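Observations on the three-dimensional arrangement
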Amino acid sequence: MGNSDRRSRTVKVGYLARVEGEGGLYVKVQGGEVVDVRLDIFEPPRFFEAFLRGRDFREAPDITARICGICPVAYQMSAVHALERALGVNVDGQLRNLRRLLYCGEWIESHALHVTLLHAPDFLGYADGIQMAREHRDAVERGLQLKKAGNEIMTLIGGREVHPINVRVGGFYRVPTRDELRPLEERLKVARDTALEMVRWTAAFTFPELETDYEFVALRHPNEYPFNDGRIVSSKGLNVTAAEFEEYFEEQHVAHSNALHAILKGHGAYLVGPLARYNLNFDRLSPLAQEAARSTGLGATCLNPFRSVIVRAVEILYACDEALRLIAAYEAPDFPAVELSPRAAAGAACTEAPRGMLYHGYRIAADGSILSAKIVPPTSQNQKTMEADLRAFVQSHIDLPKREMRLSCEQVVRNHDPCISCATHFLRLDLDRSEA
Amino acid sequence: MIGPFDYQKNLVVGVGNADRGDDGIGLWVAARLRERNLPGLAVRELRGDPLRLLDAWANVDQVFVVDASFSGRMPGSVQRFDVTHKSLVAGNSRFSSHGAGVGNAVELGRALNRLPSRLVIIAIEGKDFRCGAAISPGVKKGARRAMELILRKLTISGQEPQACMNGR
């Protein structure tokens, strides 16, 4: 293909690979200008918000966990916090710490899988993680070891590694003894060293140039790197509570996507996820995680979405470190859950899923039945920004050969670890280059 | 969690989801074999992440993984794939965060030199995969044939496996 052909073409990826859910990609270039970009989400609608109507509020964490097989804890956590706020209950102390520990497990297993088997092949030039494993065996073994450590936390605290069954509104059904947590300590000390090696490994990748001007949105807590708690803040001045989410954020339907696009009212597209958390909360990372990030040259701010692979590795390191801190301070609470009684009320909460901030809002009736539910997953929130990234990347690399362009466009999407089933499996890329 | 054995001669792993009708047939086979309490045969059930197979079969000589298939064949029909030296997956794998399947786990194990000495996939064709459905009678019939097939192939107490009377 000559340069003139490249200035007018269509890039089309019919089915995106190494993402979760069903989606495709279409980019149209006319006379050297990108004129249309669409992240097509054709995964069928899933209707969870409607399923919840009429169900008892206590069922919400188990129903919503089924939205995602890789980040069920996020759905459980946002659900329980929103409902506890509705019922005027605060779950604190070791129960809160156990929730944070469970979240550490989910971040470790989800990020380890994405970094190693889904994202790294893009940087190292392999079609998939299995082909990469033949030549990068140690790196893949490290990823699997980390994933296993995360799964072990999920199993111990959550009752099982996929779709945990031990989370309830008010706390847990059963809490572990201190002795039960002890074997995790040794495993996590090894995992922490492994995570540090992963940070160094990812930092050595070659990264395409792409500087962005995102509005980052994440939770921010007075003294913690955010999992369950904090105000919603942005890099452009937003600072609100989860109860105010619907006043400031809006979901819009677009014809080419079965997932709603979220915007920040008056601002437009924004980004949630590891990059947003990192840029807004670098000072809340543990000293070890900060030091590891600095040693890679990442600094406190990272604007290149391709480098999000390093940020995920740093977050794994942090989650191992934090899990060890939580375990060291653990004393089994006297009760596994706080008692609560239903009342007519409304409540909302955001927590930080591995892929970014996840909003749940509920209205419940006096008998505890759910009147309405609203769930805004991170991938919905990031769709507009993923399209903007594609537009910026194609525009600034307009002369790339077709195959490279297609692979790079897929990588641009994978930078954000989209979960299309939460909001799609992988990607068809249509790149349309035609004369203006 | 499924940890590695110190050493085990034979292992059957039933894979599936007991809440999705015939998808639970691998688990059903594992439960029936466990009831027989056969010497020299370990049995495991895998309901979650298929990548756990790599730990499940570590230090085992001969492994049978039993799972449901949906290939358009007659419900209850049994297929046997010896994947010790031959791939089950054609072309690039569709590895996703949710979509890693038994085939991905086998190929990842091969890439990492983490396959047992002999690995056989037994696929029992399912019919009804609806949530909450019971296992179809015809599929259970196929599962009994699959169990006979496995039992004939076991290496127990140093004996050589018996000849397979019905390999397909």
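The rules behind these values
Residues numbered from 1 in each chain as written. Chains lettered and ligands numbered in written order. Predicted model: local features only at pLDDT ≥ 70, side-chain atom pairs only at ≥ 80, totals over all residues. Helix = DSSP H or I, 4+ residues; strand = E, 2+ residues; numbered from the N terminus. pLDDT = per-residue confidence, 0-100. Contact = placed C-beta atoms within 7 Å. Domains from an automatic or database assignment. Nonpolar A, V, L, I, M, F, W, Y, C, P; charged D, E, K, R; others polar. Expected span 1.5 Å × (residues − 1). Buried ≥ 20, exposed ≤ 12 C-beta atoms within 10 Å, placed from the backbone. Pairing = 2+ DSSP bridges. Axes fitted to C-alpha atoms, helices over the stretch in contact; angles between N-to-C directions. Core = buried A, V, L, I, M, F, W, Y, C linked by C-beta atoms within 7 Å.

**Let's talk about unusual backbone geometry**
Phi at His163(A) is positive, roughly 50 degrees, even though this residue is not glycine. Structurally, His163(A) is set in the loop between α7 (137-158) and β4 (167-168). Positive phi, normally seen in glycine, also occurs at Asn113(B), with a value near 55 degrees. When you line up the elements, Asn113(B) lands in the loop between α3 (102-111) and β5 (118-125).

**A look at the confidence of the model for chain B**
Residues and elements named next belong to chain B. Looking at chain B, the pLDDT average stands at 86 and 84% of residues meet or exceed 70. Counted against residues more than four places away or in other chains, residues 157-168, with its pLDDT under 50, gives 16 contacts. Reported confidences for the modelled complex are a pTM of 0.89 and an ipTM of 0.82.

**Quick notes on the domain arrangement of chain A**
All names here are of chain A. What the domain assignment reports for chain A is domain 1 (3-43 + 402-434) and domain 2 (47-376). On a C-alpha basis, the centroid separation for the pair domain 1 and domain 2 is 27 Å. Counting residues at the interface gives 18 residues for domain 1 and 18 residues for domain 2. Where the side of domain 1 that touches domain 2 is concerned, the elements lending two or more residues are β3 (33-41) and α14 (402-414). With 4 residues, β3 is the single largest residue contributor to the side of domain 1 that touches domain 2. Classifying every residue of the side of domain 1 that touches domain 2 by side-chain character gives 6 nonpolar, 5 polar and 7 charged.

**Here's the deal with the environment of Leu52(A)**
Position of Leu52(A) among the secondary structure elements: in helix α2 (residues 48-52). For the pair formed by Leu52(A) and Ala149(A), sequence separation is 97 residues and the distance between their alpha carbons is 32 Å.

**Here we look at helix α4 (residues 72-86) of chain A**
Since the α-helix turns once every 3.6 residues, residues separated by three or four places project in the same direction. An ideal rise of 1.5 Å per residue puts 21 Å on 15 residues; α4(A) measures up with 21 Å between its terminal C-alpha atoms. Burial analysis of α4(A) places 15 of its 15 residues in the buried class, the great majority of the element.

**Some words on the sheet that holds strand β3 (residues 60-69) of chain B**
Residue and element names in this part refer to chain B. With respect to topology, 5 strands assemble into an open sheet ordered β2-β1-β3-β5-β4, the strand pairing being mixed. Two strands in the sheet have a free side with no partner beyond their single neighbour: β2 (41-46) and β4 (78-82). Between one strand and the next, the sheet's axes are offset by a mean angle of 20 degrees, whatever the strand orientation. Pairing analysis gives 6 bridges linking strand β1 (residues 8-15) to β2, with the strands arranged parallel. Considered in β2, the bridge of Val13 is made with Arg44. Helix α4 (residues 137-153) rests against β1, β3, β4 and β5 of the sheet, and its axis sits at about 160 degrees to β5.

**Observations concerning the pairing of β3(A)**
Residue and element names in this part refer to chain A. Relative to β3, strand β2 (residues 23-30) is paired through 2 bridges, and the arrangement is antiparallel. Residue pairing for β3: Gly23 is matched across the bridge by Ile41. Turn length for the β2-β3 hairpin, with the two strands adjacent in sequence and antiparallel, is 2 residues, and the turn residue Gly31 shows positive phi of about 55 degrees.

**Some details on the nonpolar core**
Residue and element names in this part refer to chain A. Ranked by size, the top nonpolar core spans 147 residues in total, and within it Val314, Ile316 and Leu317 carry the most contacts. For this core, the element with the most residues is helix α5 (residues 93-124), which contributes 13 residues. Ignoring any residue separated from it by four or fewer positions in sequence, one finds Val314 in contact with Val199, Tyr278, Ala289, Ala292 and Ala293. Of all hydrophobic cores here, the second largest spans 19 residues; its members include Val27, Val34, Val394 and Cys409.

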